[in-house]
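Commentary on secondary and tertiary structure
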Amino acid sequence: ARLGERKAELVHGDMRSFELPHMFQLIIIPYCTLIYATNDQERRAVFERCFQHLHPGGVLAFDFLAGKVSVGEELPYLALQGVHPFTGEVLVHTVQVKGIREDLRLLNQVSYHMGEDGPAKITVQASLEGICPSERVAELLTEVGFSVRGIYSDYSGTPDAGEEFCVIVAEK
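Source: prediction; values computed, not measured. (Residues numbered from 1 in each chain as written. Predicted model: local features only at pLDDT ≥ 70, side-chain atom pairs only at ≥ 80, totals over all residues. Heavy atoms only, no water.)

Let us look at the pattern of salt bridges. All told, the structure shown has 12 salt bridges when counted by the stated rule. Linking Asp14 and Arg16 is a salt bridge whose minimum nitrogen-to-oxygen distance equals 2.7 Å. Measuring nitrogen to oxygen at the nearest pair gives 3.4 Å for the salt bridge that ties Arg136 to Glu143. (Salt bridge = Lys/Arg side-chain N within 4 Å of Asp/Glu carboxyl O.)

Printed below as a string of structure tokens:
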């Protein structure tokens, strides 16, 4: 098939409980989204939903954080600064991480939006993020029925050597 003949379907929903009327050859969970599944029960639920929505031989591919969290509060750091190209608004984003356990952290992001006219707008966002060793993720996939094709430390297929960032490819 030529590139223009295939269509991608983007689905927004809860990855732990989605139910769709059709199956797929490929499911991709990008941008370390699995960090929002903060325990094994939630991760297993994600993998079960994906397994149920894949055709036999279908592939699940995703990236995730596999390192350990340092327990305690880190100093805030500057995540982004710049000028919005269309509005001229000055943007500054700071992040602070608080390690709750070796597998769970709280990420706080404070964003400052400063326009030429009017007061600065400040927003604060917080998220709990789960971290899981790649070996445990592979075990959960196998328990659900997947065959793990590979665990990599990057998108070019470098075998995992225990780094914080991992990519897993698994087959139904």
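This is not the end of the story, as more comes after the structure.
Positive phi values are uncommon outside glycine, yet Tyr31 reaches one of about 55°. By the secondary structure assignment, Tyr31 is in the loop between β1 (24–29) and α1 (40–52). Positive phi, normally seen in glycine, also occurs at Cys32, with a value near 55°. Relative to the elements of secondary structure, Cys32 occurs in the loop between β1 and α1. The exposure class of Cys32 is buried, given its relative accessible area of 14%. (Helix = DSSP H or I, 4+ residues; strand = E, 2+ residues; numbered from the N terminus. Buried < 20%, exposed > 50% of the residue type's maximum accessible area, 1.4 Å probe, protein only.)

An order of β1-β2-β9-β8 is seen for the 4 strands of this open sheet, with the pairing classed as mixed. Bordering the open sheet on either side are β1 and β8 (147–152), each of which pairs with just one other strand. Across this sheet, the average inter-strand angle for adjacent strands is 10°, counted without regard to direction. Inspection of the sheet shows β1 paired to strand β2 (residues 54–65) by 5 bridges, in the parallel sense. Paired with Ile28 across the two strands is Ala61, which belongs to β2. Running at roughly 150° to β2, α1 makes contact with β1 and β2 of the sheet. Sheet strands in contact with helix α2 (residues 134–144) are β2, β8 and β9 (165–171), and its direction is about 15° off that of β9. (Pairing = 2+ DSSP bridges. Axes fitted to C-alpha atoms, helices over the stretch in contact; angles between N-to-C directions. Contact = heavy atoms within 4.5 Å.)

The next point concerns the packing of aromatic side chains. Under the criterion given, the structure shown has 4 aromatic pairs. Plain terms: the ring middles of Phe51 and Phe146 are 5.1 Å apart, the flat faces sit at 85° to each other, and that makes the pair edge-to-face. Note that Phe51 is positioned in helix α1 and Phe146 in the loop between α2 and β8, a separation of 95 residues in sequence. For Phe146, a relative accessible area of 3% translates into the label buried. Through successive ring pairs, a cluster of aromatic residues spans Phe47, Phe62 and Phe64. Above the face of the Phe51 ring, Lys172 is positioned so that its terminal group lies 4.8 Å from the ring centre. (Phe/Tyr/Trp six-rings, centres within 6.5 Å; stacked < 30°, edge-to-face > 60°. Lys NZ or Arg CZ within 6 Å of the ring centre and 35° of its normal.)

All right, on to the environment of Tyr152 then. Inspection of the secondary structure puts Tyr152 in strand β8. Owing to a relative accessible area of 23%, Tyr152 belongs among the partly exposed residues under this scheme. Apart from residues no more than four positions distant in its own chain, Tyr152 is found in contact with Gly157, Thr158, Pro159, Asp160, Phe165, Cys166, Val167 and Val169.

Glancing now at the environment of Val110. The topology assignment puts Val110 in strand β6 (residues 104–114). Residues Val110 and Pro133 lie 23 residues apart in sequence; the distance between their C-alpha atoms is 29 Å. Those residues in contact with Val110 that sit more than four places away from it in its chain are Val92, His93, Thr94, Ile122, Thr123 and Val124.

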